[in-house]
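Structural overview
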Amino acid sequence: MSKEKLTRREFLKFSTASLVSTGLNILPIRSLVEPFSAKENLNYPVSAKSITYWQYDGGHKYQSGETTMTPALFKAQMDYLGQRGYHTVSDNQLAEFIEGDMNLPYNTVALGIKLNQGKSSYDKEQLLEMMSSLSENKLHAILFIDPDQIGSTPGVVGWGDLAKWYNSGLISLGAFGFDEKNLSDLDFSQRYQEVRRLKRTIEERMANAKVANLKVLGLASSKESNRHLVFARKAGYRFALGGNIKAKGNEVRDNLVIFDRFNLPTLAPYSTKATLRKMGYSSQNNPMLTPLISEVDDKRTFGEIISHYQTPVYSHQLNQAQEVKMGDKIEEPREGLGRKLFQDGLVIVHTTGRKDDNPWSWMSETAYKSLGRKAVHFTVGHDGVVQLSPIYKDRYGKVWFPMIEHGGAWGVNEWGVSIELAGSNYDKYLNRKKSEHYEVIRRITDNATNLIVDLMKLTGWDIDRVVGHLEVSFRGKSDPGVKYIDYLRSKLVQNLTG
Ligand SMILES: [Zn+2]
C-alpha cells in the first residue's frame, strides 16, 4: 500500500485495523516510514549528506514563560511539513543515515518530541492532539519518554496509548535521559546504569508492540562530546539527540554531515507569546503560512528555518532539467536571486507601491527597474510579462525555482514565486471603472492571470497557493490590496473554468 494513495479516512481505518494485528507482524503497520523510492531520492548527490533537524518540546515550556508552543502552532508546523511533501524518518532510518548506511531525500526532517519531567508533558489529551496533527500529515516523530512517568496518574499517557501510536507508525520511541546539570552530577557508572535502566524498562513495557531495541537517547544538551557519551553507546544506544541549537549559521548542517557524530543538535521551533499576539492583531495574516519561530530572535519564520537547514539543491544537480520560458521577455536573473532552488511553494503577488499618477507608465520594465536590490521572479505591466528568473523542470517532472535572498516577502521568500505588478493603490481604482487607472489595472490583471494560470498548470499548484503579499506578511504589508487579491483570484477562477 503506497502512502501517496492513502486518503485520511483510509489511513485512520488502516491504523485502527493495525491494532488488531499487534504482535503478529510489524511490517505492514510501519507504512508511514516506508523506504524512500528512487523518485523521492531524486538522485541528487547532496541528498545523501544532510538532514533538517528539529525538536518539538511538549514539555513545561508549553504556554509558560516567554517562549511558547501551542497546539495551533504545532499543527500549523506539521501542516507546513505535510503540505510541502517533507519526509520524516524513524529512529532506525535516522540511525542508518548517521552511520552512513542510508541516503535520505533532501527534504527530510527528523522530528523529535521530547517529554520533559513533570506531569504536564505527559498529558494524554495534549499528546492525542499532537498525534492527530502527525497522522493528518502522514508524519512520524521520535517520542522521547521517561518510562517512570508513563501511566503514573489519571490523564497521563499510558503504555497502551504508546503501543497504539507506535503500531500505527506515528512514532518511534527514545528514552529521555537527564538534563545537562544532573548529567554532570553523576559518575560514569551511574550514568551508564541509569540510561541502561531507561532503555530496558521501555523495551520491557513495550515488548508486546515489538520495541525490541531502543536506539535513541534524548539529551537536554548537544554540548556533550562523543567521547563523554561512551556510557550511552555502551548501554546500547545508536545515537543521542541533544538540545536546541541557535537557528543561525550552519551548525546543524555541518554537524550532520559528520557521520560519526553521536549527539545530534536539534532546532526548537517555538514562538514567543509576543509574536503570536502580534500575529493575532492583524486579521490579514495567515498563521498557517507563516508560523513564526523565535526562541532565538523575532526574525525567522518556520519556513525560513526549515529551508535554511535543508540540504540545498542547485541547478547543476538537477537531472536532465529543461529550462521553462514563460515571460514575453526574459531578463538576466537579478543578484538577489539565490542559487539554491525550491520546488514547492506559493505564488506571491505584489504591487510595486510606487506612487505614480500616470498609469500608462505601469510597465513590466519600469516595475523591474524600481526593484532596487530586491529580486522577484516576474514583473507584470500593462505591456506584458518579464521573466527575471530561470525555471527548471527536472526529469521527474518536478519544477524548481531559485530562492529569493533579497526580496519583499519576508518569511516566505524561500518558497515563493514572487510576481511584482507595476503600480500601486489598486484597491482605490478598482471601483473607478471609467478611470484610466482602472483600464491599466485591468490589462495588468489579464497578463498576470495568464502567467499565473500557466504557472499553476506547470507546477500543479492549486488556487489556494496564490496569495497576496498582505496575506503572508506579519509585518502588516498591504500590497497588492485586500480587494484586489480577491479580484485577481476571481479572474483566475474564470480563466481556469471558462
Ligand atoms: Zn510586497
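Further up the page is the structure itself.
Each chain carries its own residue numbering, running from 1 in the direction its sequence is written. Totals for whole chains, interfaces and linings use every residue, but because this is a predicted model, local features are given only for residues with pLDDT of at least 70 and side-chain atom pairs only at 80 or more, for both listing and counting.

**With respect to helix H15 (residues 436–459)**
Operational definition: Helix and strand assignments follow DSSP, with helices taken as H or I runs no shorter than four residues and strands as E runs no shorter than two, numbered in order from the N terminus. The span one expects for a helix is its residue count, reduced by one, times 1.5 Å. To assign burial, the other C-beta atoms lying within 10 Å of each residue's own C-beta are counted, with C-beta atoms placed from the backbone; 20 or more indicates buried, 12 or fewer indicates exposed, and intermediate counts indicate partly exposed.
For H15, built from 24 residues, the straight-helix expectation of 34 Å at 1.5 Å per residue is met to within 8% by its first-to-last C-alpha distance of 34 Å. Looking at H15, one finds that the buried residues are His 437, Val 440, Ile 441, Ile 444, Thr 445, Asn 447, Ala 448, Thr 449, Leu 451, Ile 452, Leu 455 and Thr 459. Positioned one or two residues after H15, Gly 460 has a phi angle of 80°, which is positive.

**So, the sheet that holds strand S19 (residues 392–393)**
Applied cut-off: Paired strands are those between which DSSP finds at least two bridges.
Taking strand neighbours across the sheet as the criterion, the four strands line up as S13-S19-S20-S15 in an open arrangement whose pairing is antiparallel. Sheet topology places strand S13 (322–323) and strand S15 (337–342) at the edges, where each strand pairs with a single neighbour. As paired elements, S19 and strand S20 (residues 399–404) share two bridges and run antiparallel to each other. Of the residues in S20, the one forming a bridge with Lys 393 is Val 399.

**Some words on the environment of Gly 397**
In this structure, Gly 397 sits in the loop between S19 and S20. C-alpha separation for the pair Gly 397 and Gln 322, spaced 75 residues apart in sequence, amounts to 9.7 Å.

**Looking at the environment of Gln 126**
Along the polypeptide, Gln 126 turns up in helix H5 (residues 124–136). Spatially, the C-alpha atoms of Gln 126 and Gly 155 are 9.9 Å apart, while their sequence positions differ by 29 residues.

**Regarding the packing of helix H3 (residues 71–83) against H5**
Operational definition: Comment: axis = line fitted to C-alpha atoms, over the contacting stretch for helices; angle = value between 0 and 180 degrees taken between N-to-C directions. Angle categories: roughly parallel below 35 degrees, roughly antiparallel above 145, roughly perpendicular from 65 to 115, and oblique for all the rest. With the far helix as reference, a near helix turned anticlockwise by less than a right angle produces a left-handed crossing, and one turned clockwise produces a right-handed crossing. For every residue pair, C-beta atoms are placed from the backbone, and the pair is scored as a contact if these atoms sit within 7 Å.
At a minimum axis separation of 9 Å, H3 and H5 run at an interaxial angle of 15°. One way to sum up the angle between H3 and H5 is to call them roughly parallel. Crossing of H3 against H5: the hand is right-handed. Listed contacts from H5 to Pro 71, Phe 74, Lys 75, Met 78 and Gly 82 of H3 are Glu 129, Met 130, Ser 133, Leu 134 and Glu 136.

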